[in-house]
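# A structural walkthrough
Listed below, chain by chain, are the residues.
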Amino acid sequence: MVTVLGIGNPVMGDDGIGLELLRRLAPELESAGMRQATQAGDSAHLVWSPSNLDDPANIAGRGDEWTGAVAYIDGGTCGMELLPIVQEAKNLLLLDALAGPGDPGTVVKLVGDQIPRLLAAKLSAHQVGLLDLLTAARLLGQEPARVGVVGVVYESADMVVGLSDTALVGIEEATEVARELIDSWLADERDSDV
């Protein structure tokens, strides 16, 4: 099982990157209120609409060709409220807007030991960062076996609806990077079950 957790706030510009990546990985969520952000500042294309999701943690009916092997969760701006999801995940992929490394629009993939080292520099745009969630899970003695972070370096987290053109440049590549990581983890799981 892989848990894919998108984090972000679509009314804070590029902070919505994680939610746009989630929407592209799980197109069936579009019917549950997530719509494509195709243009910067286009309020007709909100990436996230939590009121349209009955229960973001309910994974029933979500998944890809591995049917039920992937849970796509809209974490929005929940912060520490996401801790139970992090603790229960076996393989956790976090999708988020990152402050670096690299220039705005750069795709970033962090796996395993890379995560604490790079996230310690507060790469996430959020008050409660990804490292805070992962550290809390570790301190409580229940953490995922594998963790990855895929994101795009953000240009601006100002109060504006929609992603910047710079952020949109990296979205498609980041979606593919995330998809490849998910497929790799699922293949490892399948091989270990044989």
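Residues numbered from 1 in each chain as written. Predicted model: local features only at pLDDT ≥ 70, side-chain atom pairs only at ≥ 80, totals over all residues. Heavy atoms only, no water.

Further remarks concern the pairing of strand β2 (residues 70-76). Counting buried residues in β2 gives 7 out of 7 residues, a clear majority hidden from the surface. Two strands pair when backbone bridges link them, and strand β1 (residues 2-7) and β2 are joined in this way by 6 bridges, in the parallel orientation. Bridge assignment links Val 2 to a residue of β2, and that residue is Val 70. (Buried < 20%, exposed > 50% of the residue type's maximum accessible area, 1.4 Å probe, protein only. Helix = DSSP H or I, 4+ residues; strand = E, 2+ residues; numbered from the N terminus. Pairing = 2+ DSSP bridges.)

As a further point, take the sheet that holds β2. Pairing is mixed across the open sheet formed by 5 strands, whose spatial order is β2-β1-β3-β5-β4. At either margin of the open sheet sits one strand with a lone partner, and together these are β2 and β4 (107-111). Here the strands of the sheet are splayed against their neighbours by 20° on average, with no regard to which way each runs. Packed onto the sheet, helix α5 (residues 165-193) meets β1, β2, β3 (91-98), β4 and β5 (146-153) and runs at close to 170° relative to β5. (Axes fitted to C-alpha atoms, helices over the stretch in contact; angles between N-to-C directions. Contact = heavy atoms within 4.5 Å.)

As a further point, take the nonpolar core. Membership of the largest hydrophobic core comes to 26 residues, with the highest contact counts inside it found for Val 4, Ile 17, Leu 93, Leu 95, Val 150 and Ile 182. Only β1, α1 (17-25), β2, β3, β5 and α5 provide two or more residues apiece to this core. It is α5 that provides the largest number of residues to this core, a total of 9 residues. Residues in contact with Val 150, not counting those within four places in the same chain, are Leu 21, Leu 93, Leu 94, Leu 95, Asp 96, Val 108, Lys 109, Ala 174, Val 177, Ala 178 and Leu 181. Core analysis: the second largest hydrophobic core is formed by 22 residues, Leu 5, Val 86, Leu 130 and Leu 133 among them. (Core = buried A, V, L, I, M, F, W, Y, C linked by side-chain atoms within 4.5 Å.)

Moving on to the side chain of Asp 14. Mapped onto the fold, Asp 14 is located in the loop between β1 and α1. In this structure, Asp 14 is buried with no salt-bridge partner, the nearest side chain bearing the opposite charge being Arg 24 at 12 Å. Among all residues touching Asp 14, those that are not within four sequence positions of it are Ala 97, Tyr 154, Glu 155, Ser 156, Gly 162, Leu 163, Ser 164 and Ala 167. (Lys, Arg positive; Asp, Glu negative; His and termini not counted. Salt bridge = Lys/Arg side-chain N within 4 Å of Asp/Glu carboxyl O.)

To continue, consider the confidence of the model for the protein. The predicted model of the protein has a mean per-residue pLDDT of 77, with 71% of residues at 70 or higher. In the model, residues 30-67 has pLDDT below 50 throughout and makes 82 contacts with residues more than four positions away in sequence or in other chains. (pLDDT = per-residue confidence, 0-100.)

Right, let's talk about unusual backbone geometry for a bit. Note that the residue after Gly 100, namely Pro 101, is joined by a cis bond; omega there is 0°. By the element assignment, Pro 101 lies in the loop between β3 and β4.

Right, let's talk about the environment of Trp 185 for a bit. By the secondary structure assignment, Trp 185 is in helix α5. Separated by 93 residues in sequence, Trp 185 and Leu 92 place their C-alpha atoms 9.9 Å apart. Trp 185 has contacts with Val 2, Asn 91, Leu 92, Leu 93, Arg 146, Val 147 and Gly 148, leaving out every residue within four places of it along the chain.

What follows covers the environment of Met 80. Residue position: Met 80 is located in the loop between β2 and α2 (83-88). Classification of Met 80 by relative accessible area gives partly exposed; the value is 39%. On a C-alpha basis, the gap between Met 80 and Leu 133 in space is 6.4 Å, while along the polypeptide they are 53 residues apart.

Another aspect to go through is the pattern of salt bridges. By the definition in use, this model includes 8 salt bridges. Put simply, Arg 179 and Glu 176 hold a salt bridge, and the shortest N to O gap is 2.6 Å. Residue Arg 179 and its partner Glu 176 are located together in helix α5, separated by 3 residues, close to a single helical turn. Here Arg 179 falls in the partly exposed class, since its relative accessible area comes to 30%. By relative accessible area, which is 37% here, Glu 176 ends up partly exposed. One salt bridge in this structure joins Arg 190 and Asp 191, with 3.9 Å as the shortest N-O distance.

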